[in-house]
Amino acid sequence: MTYEVTYIISPAVDEAAKSSLVERFDGILKDNGAEVVDSKDWSKRRFAYEIGGFTEGIYHIVNVKADDSKAIDEFDRLAKINDGILRHMIVKREA
C-alpha cells in the first residue's frame with residue numbers, strides 16, 4: 001500500500017530542530033516496517049485561518065510504502081502529541 005503523509009511544521013521551530021523532527025518522523029515510519037520513498041519540504045504557506053496561534057507553517061510531504069498500517073498508526077499517534085507538528089493528514093493512494 002502507498003500512503004502520502006502531509007504535515008505542517010510550526011514556524012517557531014528553528015532549522016536544526018526542523019531537520020531533527022523530519023528525521024525522527026521518517027525514522028518512526030522506517031522503524032515500523034515502512035519504506036520512505038521520498039520526504040521533502042513543500043513550502044512555507046500562509047493559513048486561511050490561525051492554527052495554534054500561528055498564521056503560517058512549513059508543509060512537508062512524505063510518500064511511504066507499507067505492507068500494513070502499523071507504521072502509519074504509530075506516525076499518527078506521535079504526530080498528535082508533538083508540539084512541532086501543527087496538523088497532519090494521511091492519505092492512502094490507489095496503486
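You'll find the structure just up there.
The structure contained in this document is the topic of the report that follows. These numbers were taken from a predicted model, which means no experiment stands behind them.

### Thoughts on the nonpolar core
Stage number 1. Ranked by internal contacts, the top residues of the largest apolar core, which has 21 residues, are V5, Y7, F25, L29, V62, V64 and F75.
Stage number 2. Sorting the residues of this core by element identifies β1 (2-9), α1 (15-31), β3 (54-65) and α2 (70-80) as the ones contributing at least two each.
Stage number 3. The residues contacting F75, other than those within four sequence positions of it, are V5, Y7, F25, I28, L29, H88 and I90.
Stage number 4. Core analysis: the second largest hydrophobic core is formed by five residues, I8, F47, Y59 and L86 among them.

### Side note on the environment of I51
Stage number 1. The residue I51 is located in strand β2 (residues 35-51) in this model.
Stage number 2. Along the chain, I51 and R87 lie 36 residues apart, while their C-alpha atoms are 8.4 Å from each other.
Stage number 3. Beyond its immediate stretch of four places on either side in the chain, I51 contacts L86 and R87.

The rules behind each value
Residues numbered from 1 in each chain as written. Predicted model: local features only at pLDDT ≥ 70, side-chain atom pairs only at ≥ 80, totals over all residues. Heavy atoms only, no water. Core = buried A, V, L, I, M, F, W, Y, C linked by side-chain atoms within 4.5 Å. Buried < 20%, exposed > 50% of the residue type's maximum accessible area, 1.4 Å probe, protein only. Helix = DSSP H or I, 4+ residues; strand = E, 2+ residues; numbered from the N terminus. Contact = heavy atoms within 4.5 Å.

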